[in-house]
Amino acid sequence: MDFLWGASTSAYQIEGAVAEDGRGPSVWDTFCREKGRVDNGDSGDVACDHYHRMEDDVGLMRELGLAAYRFSVSWPRVLPRGAGRVNPAGLDSYDRLIDRLLEAGIEPWLCLYHWDLPQALDDLGGWANRDAAGWFADYATVCARRFGDRVRHWATFNEFSVFTLFGYAFGWAPPSIADQETHLKVIHTVNLAHGDAVGVIRAHVPGAKIGGVHSFQPMRPQSPSPEDREATALFDEHWNLAYPDPQILGRYPPRLARRIEPYVQAGDMARICRPLDWFGINFYAPVYGRAEPTSLWGFAFGAPPDDLPRSDVGWPIDATAFPQALMTARDRYRLPIYVTENGLGRRPGADADLNDTARLDYMQTHIAAMMEAKRQGADVRGYFAWSLLDNFEWGAGYSSRFGLVHVDYTTQARTPRASARWYAERIRAERLLTL
Ligand code: IFM
């Protein structure tokens, strides 16, 4: 089968075991302990207890017929203080996961960073400290040396723009900062970190296939007013272009370029822009922007049109935006594309939960739209559903569920939903066609 069908997760959202076997704290552990940050005071302390249930979870993936699984490594599990002493038990746990996946015939796709910065590094300034690029490269070296004999597909970061905007511009995620200068420094340092990590992986993993994973959603102004249009254009540069443009095209988009110039040193752009093998798109919904003079950058999330359907957690649903995103990525970046996340969040208990017809409908229409874009020339090579399991949905805690597989957080029982059964059947049918 040429097309790769998989599912994605991330470490902090599913692993739990935050204080076990030598793992150090991450910024999300700290954030969750601050009052009022996360809905219902939830945290990833236990999450899906995947750390202890890894083998069974790989069994589930095998039952679903997944060909690939994208997971993230928890930086503080491998390097409890972010740099220096390596934690052997942390490395062992990812060895086990990778080995079980390979035994099950599932290709591991390893993402180095899905938002869980070691707290000790945040204490040194985190991503606002230019040295963070070097810390990240050292962490990437540890992973590449250890896992590079078995892992071929590597992602540097998951959704560069989301964790940086939410953490350093909107103040909604750790480290809860809203400051222009800090945010600009962070954008540039994260780009440097990406480039340095690409260099390290290439050096240690012959034949590695490397990419970045981007939240890439068409941006639409809430109204045709010049103010909303200009604010949305700047929002678009921040959300969609601030990372792939320098990484792949070697330049920042125009509005951002002017502002970021003071932080760019000689040689930086060559460090950032290195050949990549694929472009990862996480697609959920179009984003509506509007002018908001009181916000840090003068833009804010706008309201989608009233006639656009919404999920029960309030996200717009518009499958026509998906091919638009894929075609834009094709024309702008000219790399093979993998859809590294796509799925629907639902309130717990909604839709009789296990019979998740709304998610099933979302997946069917979005996969059909993706296949249409592929027929029209978008070089889409694979699709990873978000997510394998219900999990800790950041600021929303456990109040939004994205899993193909339902998780009962009291018993940790896993139950595949209707969407999981449909997805498994679709994968199976396609495999039979190519036999
Ligand atoms: O759960 C998140 C994931 O961590 C990053 N992409 C979007 C998902 C749904 O919000």
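Residues numbered from 1 in each chain as written. Predicted model: local features only at pLDDT ≥ 70, side-chain atom pairs only at ≥ 80, totals over all residues. Heavy atoms only, no water.

Quick notes on the site of the ligand
Here is step 1: Lining the immediate surroundings of the ligand are Gln 13, His 114, Trp 115, Asn 158, Glu 159, Tyr 284, Trp 315, Glu 341, Trp 386, Glu 393, Trp 394 and Phe 402.
Here is step 2: Glu 159 has a polar side-chain atom sitting 2.7 Å from a nitrogen atom of the ligand.
Here is step 3: Side-chain polar atom of Glu 341 to a nitrogen atom of the ligand: 2.5 Å apart, as the coordinates give it. (Near = heavy atom within 4 Å. Polar contact = N/O pair within 3.5 Å; in protein donor to acceptor, adjacent residues only side chain to side chain.)

Re the packing of helix α3 (residues 50-64) against helix α5 (residues 88-103)
Here is step 1: Relative orientation of the contacting elements α3 and α5 amounts to 15°, with a least axis distance of 9 Å. What the angle tells us is that α3 and α5 run roughly parallel. You can see that α3 and α5 cross each other, and the crossing is right-handed. Mapping the contact onto sequence places His 50, Tyr 51, Met 54, Glu 55, Val 58, Met 61 and Arg 62 in α3 and Ala 89, Ser 93, Arg 96, Leu 97, Arg 100, Leu 101 and Glu 103 in α5.
Here is step 2: Classifying every residue of the contact of α3 with α5 gives 7 nonpolar, 2 polar and 5 charged. (Axes fitted to C-alpha atoms, helices over the stretch in contact; angles between N-to-C directions. Helix = DSSP H or I, 4+ residues; strand = E, 2+ residues; numbered from the N terminus. Parallel < 35°, antiparallel > 145°, perpendicular 65-115°, else oblique. Left-handed = near helix turned anticlockwise from the far one by under 90°. Contact = heavy atoms within 4.5 Å. Nonpolar A, V, L, I, M, F, W, Y, C, P; charged D, E, K, R; others polar.)

What to know about the packing of helix α8 (residues 160-168) against helix α9 (residues 180-204)
Here is step 1: Their axes nearest at 10 Å, the elements α8 and α9 cross at an angle of 150°. When the axis of α8 is compared with that of α9, the two are roughly antiparallel. Crossing handedness for the pair α8 and α9: right-handed. Residues Phe 160, Phe 163, Thr 164, Leu 165 and Tyr 168 of α8 form the contact with α9, whose own contacting residues are Thr 182, His 183, Val 186, Val 190 and His 194.
Here is step 2: Each residue belonging to the contact of α8 with α9 can be placed in one class, and the counts come to 6 nonpolar, 4 polar and no charged.

Focus: the nonpolar core
Here is step 1: Among the nonpolar cores identified, the biggest contains 136 residues, and Trp 28, Trp 127, Trp 154, Met 370 and Tyr 423 are the most heavily contacted of them.
Here is step 2: If one sorts the elements of this core by residue count, helix α7 (residues 132-147) sits on top with 11 residues.
Here is step 3: If sequence neighbours within four positions are ignored, Met 370 has contacts with Phe 3, Trp 5, Phe 322, Leu 326, Val 339, Val 380 and Tyr 383.
Here is step 4: Formed by 10 residues, the second largest nonpolar core is a distinct cluster that contains Val 213, Trp 278, Tyr 338 and Phe 384. (Core = buried A, V, L, I, M, F, W, Y, C linked by side-chain atoms within 4.5 Å. Buried < 20%, exposed > 50% of the residue type's maximum accessible area, 1.4 Å probe, protein only.)

Let's talk about the environment of Gly 195
Here is step 1: Within the fold, Gly 195 resides in helix α9.
Here is step 2: Note on Gly 195: relative accessible area 0%, which makes it buried.
Here is step 3: In this structure the C-alpha to C-alpha distance between Gly 195 and Val 405, which are 210 residues apart in sequence, comes to 35 Å.
Here is step 4: Setting aside anything within four residues of it in sequence, one finds Gly 195 in contact with Arg 271, Ile 272 and Arg 274.

Describing the sheet that holds strand β6 (residues 219-221)
Here is step 1: On the basis of which strands lie adjacent, the open sheet formed by 3 strands has the order β6-β8-β9 and mixed pairing. The sheet is open, and its two edges are formed by β6 and β9 (299-301), each paired on a single side. Across this sheet, the average inter-strand angle for adjacent strands is 40°, counted without regard to direction.
Here is step 2: The sheet contact formed by strand β8 (residues 287-291) and β9 spans 3 bridges and is antiparallel. When the bridges of β9 are listed, Gly 289 appears paired with Phe 301. (Pairing = 2+ DSSP bridges.)

As for helix α14 (residues 321-333)
An α-helix turns once per 3.6 residues; consequently, residues spaced three or four apart project the same way.
Here is step 1: Compared with an ideal rise of 1.5 Å per residue, which puts 13 residues at 18 Å, α14 spans 18 Å between its outermost C-alpha atoms and is within 8% of the ideal.
Here is step 2: Of the residues making up α14, those classed as buried are Ala 321, Phe 322, Ala 325, Leu 326, Met 327, Ala 329 and Tyr 333. (Expected span 1.5 Å × (residues − 1).)

Section: unusual backbone geometry
Here is step 1: That bond from Pro 174 to Pro 175 is cis: its omega, 5°, falls within 30 degrees of zero.
Here is step 2: Tracing the backbone shows Pro 175 in the loop between α8 and α9.
Here is step 3: For the bond from Trp 386 to Ser 387, the omega torsion is 10°, close enough to zero to count as cis.
Here is step 4: Mapping Ser 387 onto the fold places it in the loop between β11 (380-386) and β12 (405-407).
Here is step 5: A positive phi is found at Glu 159, a non-glycine position, where the angle reads about 50°.
Here is step 6: Within the secondary structure, Glu 159 is located in the loop between β4 (153-158) and α8.
Here is step 7: Even without being a glycine, Ser 176 presents a positive backbone phi close to 55°.

Notes on the pairing of β11
Each regular strand shows side chains that alternate between the opposite faces of the sheet.
Here is step 1: With respect to burial, β11 is a largely interior element, 6 of its 7 residues being buried.
Here is step 2: Examined bridge by bridge, strand β10 (residues 337-341) and β11 share 3 bridges and lie parallel to one another. Bridge assignment links Ile 337 to a residue of β11, and that residue is Val 380.

Notes on the packing of aromatic side chains
Here is step 1: Summed over the entire model, instances satisfying the criterion amount to 56 aromatic pairs.
Here is step 2: Seen in terms of ring centroids, Trp 127 and Phe 163 are 6.3 Å apart; in terms of plane orientation they differ by 55°. Their pairing is tilted. Here Trp 127 is found in the loop between α6 (119-122) and α7, whereas its partner Phe 163 is found in helix α8, with 36 residues between them in sequence. Grouping residues by exposure puts Trp 127 and Phe 163 together as buried.
Here is step 3: Taken together through their ring pairs, the aromatic side chains of Trp 75, Tyr 113, Trp 127, Phe 136, Tyr 139, Phe 157, Phe 160, Phe 163 and Tyr 243 make up a single cluster. (Phe/Tyr/Trp six-rings, centres within 6.5 Å; stacked < 30°, edge-to-face > 60°.)

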